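In case you want the letters, here they are:
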Amino acid sequence: DLALRRFGYAEVLPRYEAVIFDEAHRLETVATTYFGVSVSLYQVRELAKDIERLAEAGSPGETSEAVLREVRSLAGVAESLSAMFPADKGRFPLQPLIESINDSVIDDSASRTRGSNWLEITGSFEDKAARLALHLETLSLADESWALLHRRSQEILTSFRHICAAQNSSHIYWYERKERTLSLAASPIEIASELRDCLYNEVQATIFTSATLTAGGSFTYFFERLGLDRDTISIQLPSPFDYENRTRLYIPENSFPEPSAPGFFETLCREVRQILETSRGRALILCTSVRSMQGLYDFLQEEIDYPLLRQGMAPKQILLARFRENPSSVLLAVASFWEGVDVPGESLSCVIIDKLPFEVPSDPVIMARIAKIREEGGNPFMEFQIPRAILTLRQGLGRLMRSSSDSGLLAVMDIRLFSKRYGSIFRKSLTPSPIIRSLEEIENFDRTFGRQQQGQ
């Protein structure tokens, strides 16, 4: 709704005077998506399919045939454009790629052909998208279905022009390669000014609520990222759960290697196995990378008898259903499983996190935000990367206690919580669970709390 209102195109919601954002820790990420623009090969393919379906359903005519020719031509150019990008999957800055192609034009004749093709194909894409939009506009005068397709073609054209122009210094321009598609995008480096202009100044009140809005006990990071005044009214409420008596937080003793040290992964595997033997399965293992998840899964398959589930084996909801149904199972996951997983009861009695969830600063938007903080004289590690890691860690640990009757073990397998100066900031941000540092203490907690539960 805000994204549309900014440009005066339309509005999704009726007029309102107050807004409440739940799960507000996600607001910067969501707003970045909607306040930016993108165009993908998938969008073009789907537009072509929908135009063909509508043309086949209606009566044949010269105009619809012209539209079919244009959209098929556009789809062909989109495929050629996609083929010019490297095959490596992931997100990457767009401008360095364009510059490398332009620089290579000077070096040799083979690259010169590629460089000229880059300019020709982007120009051809824009030209064909504009011609398609004109044809669809003619058809849209008589039929709402064609009008919808016209709007979609206009969005593709407008977004593509904006991205290729790359003239807004407040945006980062990037591309993403996935298995079956390529996307080009422009995202705002900061959303604070956007929110001030189109939200805070337009409503009487805005409320942000989440279990994870503070880092180190302070709202400073959240206020700065969302452009809120320092004197914004805030309140921190204690958890309704009895972490002190019903949970323990395990952090390995100091002899445990740091994540960058030789032997870390082997030591991690051995200790995770011992923890799972004590917890009798019933665990969610959250990993910071697919490689770590797969490595742990391969190791545990040979070492434990509990049913093992791994993200990617089945859709998320099916995996969670299997996890709930088998109380002794172990689920290994990354990314989306760090939040939104709600498994109360015995099935989830242990949450293990392989290491502190610092983001590898390779994402173009994250890189741009780090660079901006550094340019302004700030410390991006302390002001940006640590608070983001804290909020992610708190979300992950929050998967354990989903009701007042839940209990169990939290384990963060990263001694930087004690070996690094910034570890105290993390510890100050975590649940009030008593910290334990040895496997023997895990066993003692399991025995003692188990007897207490039986006595109740």
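Residues numbered from 1 in each chain as written. Predicted model: local features only at pLDDT ≥ 70, side-chain atom pairs only at ≥ 80, totals over all residues. Heavy atoms only, no water.

Comments concerning the pairing of strand E1 (residues 18-22)
- Across the two faces of E1 the burial differs, with Val19 and Phe21 buried and Ala18, Ile20 and Asp22 not buried at all.
- Relative to strand E6 (residues 205-209), E1 runs parallel, the two being bridged by 5 bridges. Opposite Val19, over in E6, you have Thr206 as the bridge partner. (Buried < 20%, exposed > 50% of the residue type's maximum accessible area, 1.4 Å probe, protein only. Helix = DSSP H or I, 4+ residues; strand = E, 2+ residues; numbered from the N terminus. Pairing = 2+ DSSP bridges.)

Considerations on the confidence of the model for the protein chain
- Averaged over the protein chain, the pLDDT score is 91; the fraction of residues at 70 or greater is 93%.
- When pLDDT is averaged over each element of the protein chain, helix H16 (residues 416-419) comes out on top at 98 and helix H5 (residues 94-107) at the bottom at 70.
- Scored below 50 in pLDDT, residues 109-115 makes 8 contacts in the model with residues more than four places away or belonging to other chains. (pLDDT = per-residue confidence, 0-100. Contact = heavy atoms within 4.5 Å.)

Looking at helix H12 (residues 290-303)
- Its 14 residues place the ends of H12 20 Å apart at the C-alpha level, agreeing with the 20 Å of an ideal helix rising 1.5 Å per residue.
- Turning to H12, its buried residues are Ser292, Met293, Gly295, Leu296, Tyr297 and Leu300.
- Looking at the packing, one finds that the buried side of H12 touches helix H11 (264-279), strand E8 (283-286), strand E9 (308-310) and strand E10 (330-333). (Expected span 1.5 Å × (residues − 1).)

Quick word on the sheet that holds strand E11 (residues 350-353)
- Judged by pairing direction, the sheet is parallel, and its 7 strands sit side by side in the order E9-E10-E8-E11-E12-E7-E13 without closing on themselves. Edge positions in the sheet fall to E9 and strand E13 (435-436), since each has one partner strand and no second.
- Where strand E7 (residues 247-250) meets E13, 2 bridges bridge the pair, whose relative direction is parallel. From the neighbouring strand, Tyr250 faces E13, where its bridge partner is Ile436.
- Packed on one face of the sheet, H11 meets E7, E8, E10, E11 and strand E12 (408-412) and runs near 175 degrees to E11.
- Packed on one face of the sheet, helix H15 (residues 380-397) meets E8, E11 and E12 and runs near 150 degrees to E11. (Axes fitted to C-alpha atoms, helices over the stretch in contact; angles between N-to-C directions.)

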